[in-house]
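# Topology and contacts: notes
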Amino acid sequence: MITLKDTTIHTATKKLLRKCFFMAMVLGSILGLAACTDNGVDKPSSTIEHKQDGSFHISSPNGVTLRLTAYGDDIVRVQTKQSQSSFFSDDRYEMVETHEWPRDLQRSETATHYVFSTRSLKVTVDKTNLTANFYDLTLGDSDPLLSEDKPIRWQDSIIQVSFNPDENEHFTGLGHGYFARAESIDLKGQSIERNYGRKQIEQAPLVVPFYMSSKGYGVFLNSMFQNRFNFLNDDYSIQIDGLGFDTQMDYFFIGGQTLSRVLDNYTKLTGRPRLPAKAMFGLQLSDKGHDHNSATPSDETWWKNKISEHKAAGYALDHVVNDNRWRAEGGKRCESKLAWDKERYPNPAAYKNWLDENGLVLTLDFNRCIGQYTDGWQASFNLPKTGKIDFAESAPDLTNAYFRDWFWQAFYKNALAPNKGYPGDALWIDEFDEQGAAPKDMILSNGRSSGEMRNYWFFLIAKSLVQQGWDKAEDINKRPFVWVRGMTAGAQRYATLWSGDIYPNYKDMKTQIRGMQLAGLSGFPFWGHDAGGFHDWEKGKGPDEALYKRWSAAMGSFSPIWKPHGMGQSRWPLDRKESSQTVFKKYTHLRYELMPYLYSAAHLAAETGAPIARAMVLDHQNEALAWKYDLQYMWGDSMLIAPLTSDEGTKELWLPRGQWYAFGSNEKIEGDRVLTVTPALDELPVYVKAGSIITKHPYALSTAFIDKSALILDVYMGANGEATLIEDDGVTEDYRNKDQLRTTKITWNDKNQELTIHPAKGSFHHENTKRDIVVNFYGDSGVNSSQLSQKNLKDPIKVKAGSSKI
């Protein structure tokens, strides 16, 4: 017997259903319903319920239920399940930082659709097949931005949602694949998986099932099951494979109109990127290229000598990256344990004092294979079935809460040891991306399948070390910096990643430039890589001198994290040829002089998700050339970087509309065109938008030694401009309290040829209270400089171009 459910059903459907029931009684149920179908009703229509949590549940007679939930004005969540299951709980994953959002979703209806709206978005749902259409109300509601073109399709444990393709639409984001090897930042025409690897050498996937469209919207898939995204001309769809386990479709439609606003909304949803300490943006060098079999192992003495020699030659350095040799019981990659070696480092606390005196921070590394040798390890930490995983005795189940607690405690007690005054400012987590050979159907400690949770691995690592560890340690008063070989959506609020053991060749250099941009477009602005490449396994060497100049030095210095690192040859500049030393010093100076510009961009990234290394499409989503020229990028919002990626000596690049300058010169270039340039081997093509205000400090050998009271402002005239200098103590989390953060707005009025330094707002520990300022005006009449002193940072200052002083 068929009965009407006592929930809201639209009036037209009620009338048609009554007709169906009447015909069924007269003609018999089967003939009657068939006759009803012939009269325009394919099946009994859906029902709708408004739940106490603010969501709407729409159920179809075939057992499919759609759940629609507003997350503020710009985000709508769409969940779909079959009748035999309940909706997954919100805490199944923690990629979404919080589900406590305003749920103001207004509802109306037409004869064929339910209509839902926030102040910014409108969603219509077909009453018969539950397909959804999404509109941006600020653009009008005549054409949807995104439309499901057929009902959700289930086939065994595979579920797929399909959308109407648009041949003019472009897509970007979606993290990156193994080794960050990306052939294009434009995903149009591609079929892509973003999953944990299956093989031993599939390193460093950035598993972010979020992408953005050139139409001004984004889609975030809130599932860790195996995925596939199709951006083909005849197939625009998202597919999830439960691998035999129950799964559901769960995605967020994210509005915003511009890609920058969509990215802002996405990081509101999944969490803002964690801001590293300022020192992490300085130069990072390791002991990897040193011959560990020599008579001078990379012990404390080796490091002190190496660093002293490096700085005496005028090279800056901030970050000492330890690769294995600091560890006890052998100091080898897989023959050691997580603790300081007492012979190579007899007094870690004294070593820390030396590092502090020299303005240095230090990374401690962990290779998965040493887990079994580290104090407190238990065999029960391992996966139930390890399959053909290398180092299977150290193959932990990250869903095991006991393992996660042990992992942090192993670092805290044995390595960081704040109660003993040991050094340690960053954690390097390696080789957790090499457990793909384990069976996908096994059930893990949390009751879920390996096939589902492996994509979640990196999130759990980041959470265990930061949210459950570092953040709760009352005796650690500095920001965490954890970098892992692989990452998962949402974990940007705890940690970051680097791209693995890439090759030292131009092919991989190109992929890293694109991978860096994709990471930034996916919520990971503090992405890192081995600048210059890690190792050529076939040729047994690192980067040659030309590649060292162009990638390790030039492009590397314009990467969010500058870390020349790898095997084969030393990456320390004094170990290279003299010509390479000169180039490296040039870009070291440039990196450190631009530190206030870079650090302010980093603050903006932590506040809004805007990348430091910005793909051209972020600000030019409607420009076809922006999608084509992806071997160049914006550095912050004012500088364009176009690395040379071949030995040919020429570079084709695109300048957007407006006037541009060659960096550091009066050479003005009209934009809206493609250029071919032939820079020298030691030159990196850098351009600056007219109207830009570039903040700088005098060069220093460490970010710890930068004189904040000496400020340099480079003003590139030709358009109005604005910049904000953002300052804090550079170390602690106190900046999160606005009273421990100082911002200074600086504006340029091109018509009046006048620069205004507005009153500083806020303060921070150990701040400078005055400034000596040099302003360099770049324009048609040459470079004019003005010098002034700001006795009180709360007082505004105005200076005209061409005046020698105030």
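Let us look at the structure shown here. (Residues numbered from 1 in each chain as written. Predicted model: local features only at pLDDT ≥ 70, side-chain atom pairs only at ≥ 80, totals over all residues. Heavy atoms only, no water.)

### Thoughts on the overall build of the protein
Check the secondary structure of the protein and you find 13 helices and 46 strands. With the principal axes as the frame, the protein shows a C-alpha extent of 100 × 70 × 50 Å. Within the span of the protein, comprising 806 residues, buried residues form 62% of the whole. Sequence separation of at least 24 residues holds for 66% of the intrachain contacts in the protein that already meet a minimum separation of 6. Accessible surface computed for the protein: about 30200 Å², of which carbon and sulfur atoms make up 47%. (Helix = DSSP H or I, 4+ residues; strand = E, 2+ residues; numbered from the N terminus. Buried < 20%, exposed > 50% of the residue type's maximum accessible area, 1.4 Å probe, protein only. Contact = heavy atoms within 4.5 Å. Areas by Shrake-Rupley, 256 points an atom, 1.4 Å probe, with all protein chains shown as cover.)

### Description of the pairing of strand E38 (residues 686-689)
Bridge count for strand E33 (residues 639-641) against E38 is three bridges, and the pairing is antiparallel. Counterpart to isoleucine 641 in the pairing with E38 is valine 686. Where strand E35 (residues 659-662) and E38 come together, three bridges link them in antiparallel fashion. Bridging from a neighbouring strand, tyrosine 661 pairs with valine 688 of E38. (Pairing = 2+ DSSP bridges.)

### Overview of the pattern of salt bridges
Going through the model one piece at a time under the given rule, you end up with 46 salt bridges. One salt bridge connects glutamate 109 with arginine 107, and the closest N-O pair in it is separated by 2.7 Å. By relative accessible area, glutamate 109 is classed as partly exposed at 33%. Residue classification places arginine 107 among the partly exposed positions, given a relative accessible area of 31%. (Salt bridge = Lys/Arg side-chain N within 4 Å of Asp/Glu carboxyl O.)

### Some details on the side chain of arginine 194
Position of arginine 194 among the secondary structure elements: in the loop between strand E13 (191-192) and strand E14 (206-207). Here arginine 194 occupies a buried position and makes no salt bridge, while the nearest side chain of opposite charge, glutamate 193, is found at 8.6 Å. Engagement of the side chain of arginine 194 in a polar contact is seen with the backbone oxygen of leucine 174, the distance being 2.5 Å. Not counting chain neighbours up to four residues away, the residues in contact with arginine 194 comprise Leu174, Gly175, His176, Gly177, Leu206, Val207, Asn227 and Asn455. (Lys, Arg positive; Asp, Glu negative; His and termini not counted. Polar contact = N/O pair within 3.5 Å; in protein donor to acceptor, adjacent residues only side chain to side chain.)

### So, the packing of aromatic side chains
Aromatic rings in a pair are described by how distant their centres are and how their planes are angled relative to each other. Taken as a whole and assessed by the stated rule, the structure comprises 59 aromatic pairs. Aromatic pair phenylalanine 134 and phenylalanine 253: ring centres 4.5 Å apart, planes at 10°, arrangement stacked. In this pair, phenylalanine 134 sits in strand E8 (residues 132-136) while phenylalanine 253 sits in strand E19 (residues 249-254), placing the two residues 119 residues apart along the sequence. The exposure class assigned to phenylalanine 134 is buried, which follows from its relative accessible area of 0%. Classification of phenylalanine 253 as buried rests on a relative accessible area of 1%. Stacked on the ring of phenylalanine 87, the Lys or Arg lysine 81 has its end atom at 5.4 Å from the ring centre. Its guanidinium or amino end placed over the ring of tyrosine 71, arginine 103 lies 4.8 Å from that ring's centre, counting from NZ or CZ. (Phe/Tyr/Trp six-rings, centres within 6.5 Å; stacked < 30°, edge-to-face > 60°. Lys NZ or Arg CZ within 6 Å of the ring centre and 35° of its normal.)

### Concerning the packing of helix H11 (residues 578-593) against helix H12 (residues 595-608)
Look at H11 against H12: their axes get within 5 Å of each other, and the N-to-C directions meet at 55°. The orientation of H11 relative to H12 falls into the category oblique. Facing Arg591, Tyr592 and Glu593 of H11, the residues of H12 in contact are Met595, Pro596 and Leu598. A per-class count over the contact of H11 with H12 returns four nonpolar, no polar and two charged. (Axes fitted to C-alpha atoms, helices over the stretch in contact; angles between N-to-C directions. Parallel < 35°, antiparallel > 145°, perpendicular 65-115°, else oblique. Nonpolar A, V, L, I, M, F, W, Y, C, P; charged D, E, K, R; others polar.)

### A word on unusual backbone geometry
Although it is not a glycine, glutamine 257 adopts a positive phi angle of roughly 75°. Among the structural elements, glutamine 257 can be located in the loop between E19 and helix H3 (259-270). Within the chain, histidine 766 stands out as a residue other than glycine whose phi angle is a positive 60°. The topology assignment puts histidine 766 in the loop between strand E43 (754-757) and strand E44 (771-779). Note on histidine 766: relative accessible area 81%, which makes it exposed.

### Observations regarding the sheet that holds strand E15 (residues 210-213)
The strand order across the open sheet built from eight strands is E1-E2-E3-E4-E19-E16-E15-E12, with neighbouring strands paired in antiparallel fashion. Whereas interior strands pair on both sides, the edge strands pair on one side only; in this sheet they are strand E1 (47-50) and strand E12 (171-173). This sheet shows a mean twist of 20° between the axes of neighbouring strands, independent of strand direction. Pairing geometry for E15 and strand E16 (residues 217-221), over four bridges, is antiparallel. Looking at E16, one finds that phenylalanine 210 is bridged to phenylalanine 220. Across the sheet, H3 touches strand E4 (75-81), E15, E16 and E19, and the angle it forms with E15 is around 155°.

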